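Each chain, written out:
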Amino acid sequence: MSFQGYDLIGDVHGSARTLERLLQQLGYSLVKGVYRHPRRQAVFIGDIVDRGPRIREALHLVRNMVLAGSAQMVIGNHEYNCLTYCTEVEVAGRHRYLRPHDPRHERQIRETLEQFAPYPQEWQDFLQWFRELPLYLETPLFRAVHACWDGAIIERLKREGVRDFSDDGFLRRSVERGTFEWQAADRLLRGTYLPLPNGEEMTSADGYRRRVFRTKFWADEPQTHADVVFQPDPLPAHLAGVPLGPAEKARLLHYGADQRPLFIGHYWREGEPAPITPNIACLDYSAVKYGKLVAYRMDGESRLQPEHFVAVEVEPGDGVQDGDTVY
Ligand SMILES: [Mn+2]
């Protein structure tokens, strides 16, 4: 089936009621229990799970749409974290999880596991489904990835025939720092980042000490750290103006203005939704923190239009109040 347009939808994080309102506003309606649009297809940019009050409902809604062909979805870092957190392997005769069960990781997945506790088989089914979610999506009209489009990594994934985490070996190696598999998962699902200058640390709004900061992958000839920072927390003033060295510049990517439109989520944006550049839009406006759940109506334009964004406010009880960011 061919569609006349696509509706790209940002990080839901368990705000299922708000997602239903957004879909209705976009012209989707329930047909035999599944949201559908007569002429358009939804594309979820990942991170349906964690944090919010209706994770299970949101997952059922989205998976039903994908199975019916009325939506596609790329995997987010939170679905990937669920997979690695819940996958047990044996190493040298000892059992361990691919993602360590430390307090920070437990905190990130807590609401998801609590909401699925009465439905253990359903949770296993969703984990299996997460493994089949593509790492990226590419159509003649646009591209979509949760955090960062890295053309070289994606070319290699294509050559190796890797589309998702369904291969056991690929999933296992993706947690081993330094492997190509680790780099692919880290870059596409978490984005680019740089160490803070002089080995310094900062405390972000979620209370964690960090030695790295998230960076843009579209900055054109950046000179200072302030030119590339892209995260909710600003850099400390004394670090922002520090020039980027050659090694740091070499680590940055540049998604060119001539490339096809790209949609990402991941970055906890605030304020009025608008394109970041003429060909890149971030659709994560912190819905679950009572920001906005945001979509972009894509009709095939090569330059993104501010009026194609659709945003709905999160209704009371469909988000979380605390300021935890959980990157
Ligand atoms: Mn997210």
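Residues numbered from 1 in each chain as written. Predicted model: local features only at pLDDT ≥ 70, side-chain atom pairs only at ≥ 80, totals over all residues. Heavy atoms only, no water.

Colleague: Looking at this structure, I do not really get the sheet that holds strand E9 (residues 143-145). What am I missing?
Modeller: The strands making up a sheet are joined through hydrogen bonds of the backbone, oriented either antiparallel or parallel. One open sheet accounts for 4 strands, arranged E8-E9-E14-E15; its pairing is mixed. In this open sheet, the two edge strands, each paired with only one partner strand, are strand E8 (136-138) and strand E15 (280-282). With direction set aside, neighbouring strand axes in the sheet form an average angle of 15°. Here 2 bridges tie E9 to strand E14 (residues 262-264), and the two strands are oriented parallel to one another. Of the residues in E14, the one forming a bridge with Arg143 is Leu262. (Pairing = 2+ DSSP bridges. Helix = DSSP H or I, 4+ residues; strand = E, 2+ residues; numbered from the N terminus. Axes fitted to C-alpha atoms, helices over the stretch in contact; angles between N-to-C directions.)

Colleague: Looking at this structure, I do not really get empty space enclosed by the protein. What am I missing?
Modeller: Any space left empty among the atoms is revealed by the rolling of a water-sized probe across them. Throughout the structure, instances matching the rule amount to 1 cavity of 30 Å³ or more. Its volume calculated, the largest cavity comes out at about 40 Å³. Within the lining of the largest cavity, the residues separate by chemical class into 3 nonpolar, 3 polar and 2 charged. (1 Å grid on protein atoms, 1.4 Å probe; cavity = no way out; pocket = protein on both sides within 12 Å on 5 of 7 lines; lining within 4 Å. Points joined across faces, edges and corners; volume = space filled by probe spheres on them. Nonpolar A, V, L, I, M, F, W, Y, C, P; charged D, E, K, R; others polar.)

Colleague: Which parts of the structure should I look at to understand the coordination of the manganese ion?
Modeller: By definition of the ideal shapes, four donors in a tetrahedron about a metal sit 109.5 degrees apart, and six donors in an octahedron sit 90 or 180 degrees apart. Distances from the manganese ion to its protein donors, namely Asp11 (OD), His13 (NE2) and Asp47 (OD), fall within the range 2.1 to 2.4 Å. The sequence motif formed by the donor residues of the manganese ion is D-x1-H-x33-D. Of this pair, Asp11 sits in the loop between strand E1 (5-9) and helix H1 (16-25) while Asp47 sits in the loop between strand E4 (40-44) and helix H2 (55-68); the two residues are 36 residues apart in sequence, bridging distant segments of the chain. Take Asp11 and Asp47: they sit in the same class, and that class is buried. (Donors = N, O, S within 2.8 Å, 3.2 Å for Na, K, Ca; no water. Buried < 20%, exposed > 50% of the residue type's maximum accessible area, 1.4 Å probe, protein only.)

Colleague: I keep staring at the environment of Asn198 and nothing clicks. Help me out?
Modeller: Tracing the chain through its elements places Asn198 in the loop between strand E10 (192-195) and strand E11 (202-203). Between the C-alpha atom of Asn198 and that of Leu239, which follows or precedes it by 41 residues, the distance is 8.9 Å.

Colleague: Even after reading the chapter, I still don't get helix H8 (residues 180-190), so can you show me in this structure?
Modeller: A turn of α-helix holds 3.6 residues, and therefore any two residues three or four places apart point the same way. Most of H8 is tucked away: 9 of the 11 residues are buried. All of the buried residues along H8 are Phe180, Glu181, Trp182, Ala184, Ala185, Asp186, Arg187, Leu188 and Leu189. Following H8 by one or two positions, Gly191 has its phi on the positive side, about 90°.

Colleague: Where do I start with the pattern of salt bridges in this structure?
Modeller: Pairing is possible between side chains that carry opposite charge, provided their charged atoms lie close to one another. Taken as a whole and judged by the stated rule, the model has 20 salt bridges. Linking Arg107 and Glu111 is a salt bridge whose minimum nitrogen-to-oxygen distance equals 3.2 Å. Taken as a pair, Arg107 and Glu111 lie in helix H4 (residues 103-116) at a separation of 4 residues, close to a single helical turn. Exposure remark for Arg107: the relative accessible area of 18% places this residue in the buried category. Residue Glu111 is classed as buried on the basis of its relative accessible area of 15%. Across the pair Arg209 and Glu201 runs a salt bridge, and its minimum N-O distance is 2.9 Å. By relative accessible area, which is 53% here, Arg209 ends up exposed. Glu201 sits in the partly exposed class, given a relative accessible area of 30%. A cluster of three or more residues bridged by salt bridges with shared partners is formed by Glu138, Arg143, Glu155, Lys158 and Arg260. (Salt bridge = Lys/Arg side-chain N within 4 Å of Asp/Glu carboxyl O.)

Structural measurements only, silent on function.
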